[in-house]
Structures are given as structure tokens and as C-alpha cells.
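# Structure assessment
Residues per chain, in single letters:
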Amino acid sequence: MAPNVNLFLYRPALANPPMCSVMECERATLRQLLDMHELLDLRAAIAERAAAK
């Protein structure tokens, strides 16, 4: 990934499926970004747990 890309900011837009567009990520509040990251972490944990079974 390019060193000038802020993954914290754009991670929700890079998710599969995306939670928002790049423009929406840039306009989101910090609280909204933190909530999206928490949901992405939860999604990853659920997928990891399902793969372990």
C-alpha cells in the first residue's frame, strides 16, 4: 500500500463490501470512523471464529 494513504481513514471504504465511499470517509466524524472500525473488527472476529470451526 502506498505510504501516503491513511489506512485508518480509508479502511471502511476498502472493506469488502465497503461500508462507505472514500468521500464519505473523508467527511465522517471521528466517532463515526471509530464505530466503523469497531464493526470491521467484529466482522473479522466472526469470520475468524467461523473459519476455526
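In what follows, the structure referred to is the one given above.
Attention here is on the structure that accompanies the text.

Conventions adopted
- Residues numbered from 1 in each chain as written.
- Predicted model: local features only at pLDDT ≥ 70, side-chain atom pairs only at ≥ 80, totals over all residues.
- Heavy atoms only, no water.
- Helix = DSSP H or I, 4+ residues; strand = E, 2+ residues; numbered from the N terminus.
- Expected span 1.5 Å × (residues − 1).
- Buried < 20%, exposed > 50% of the residue type's maximum accessible area, 1.4 Å probe, protein only.
- Contact = heavy atoms within 4.5 Å.
- Core = buried A, V, L, I, M, F, W, Y, C linked by side-chain atoms within 4.5 Å.
- Patch = residues over 30% accessible without salt bridge, like charges linked within 9 Å, V, L, I, M, F, W, Y side chains within 5 Å.
- Areas by Shrake-Rupley, 256 points an atom, 1.4 Å probe, with all protein chains shown as cover.
- Salt bridge = Lys/Arg side-chain N within 4 Å of Asp/Glu carboxyl O.

### Description of helix α3 (residues 30–52)
Between its first and last C-alpha atoms α3 spans 33 Å; for 23 residues at 1.5 Å apiece the expected length is 33 Å, and the two agree. Among the residues of α3, those classed as buried are L33, M36, H37 and L40. The inward-facing, buried residues of α3 contact α1 (7–14) and α2 (22–27).

### Observations regarding the nonpolar core
Counting residues in hydrophobic clusters, the biggest one holds 8 residues: L9, Y10, A13, C20, C25, A28, L33 and M36. Counting residues per element, the ones that place at least two in this core are α1 and α3. The biggest single contributor to this core is α1, with 3 residues. In contact with L33, other than residues within four places in its own chain, are F8, L9, P12, C25 and A28.

### A short note on a nonpolar patch on the surface
Together, V5, L7 and L14 line one region of the surface with nonpolar side chains, adding up to about 240 Å² of accessible area. Tracing the sequence through the fold places L7 in helix α1.

### Focus on unusual backbone geometry
The omega torsion of the bond from N16 to P17 falls at 0 degrees, within 30 degrees of zero and hence cis. Tracing the backbone through its elements, the reader meets P17 in the loop between α1 and α2.

### What to know about the pattern of salt bridges
One pass over the full model with this rule turns up 2 salt bridges. Here R11 makes a salt bridge to D41, at a shortest N to O gap of 2.8 Å. Residue R11 is located in helix α1, and its partner D41 is located in helix α3; the two are separated by 30 residues in the primary sequence. Taking relative accessible area as the criterion, D41 reaches 44% and is therefore assigned partly exposed. Here D35 ties to R31 by a salt bridge, and the two come within 3.0 Å at their closest N and O atoms. A residue pair is termed a helical-turn pair when its members lie 3 or 4 positions apart in one helix, as D35 and R31 do in helix α3 at 4 residues.

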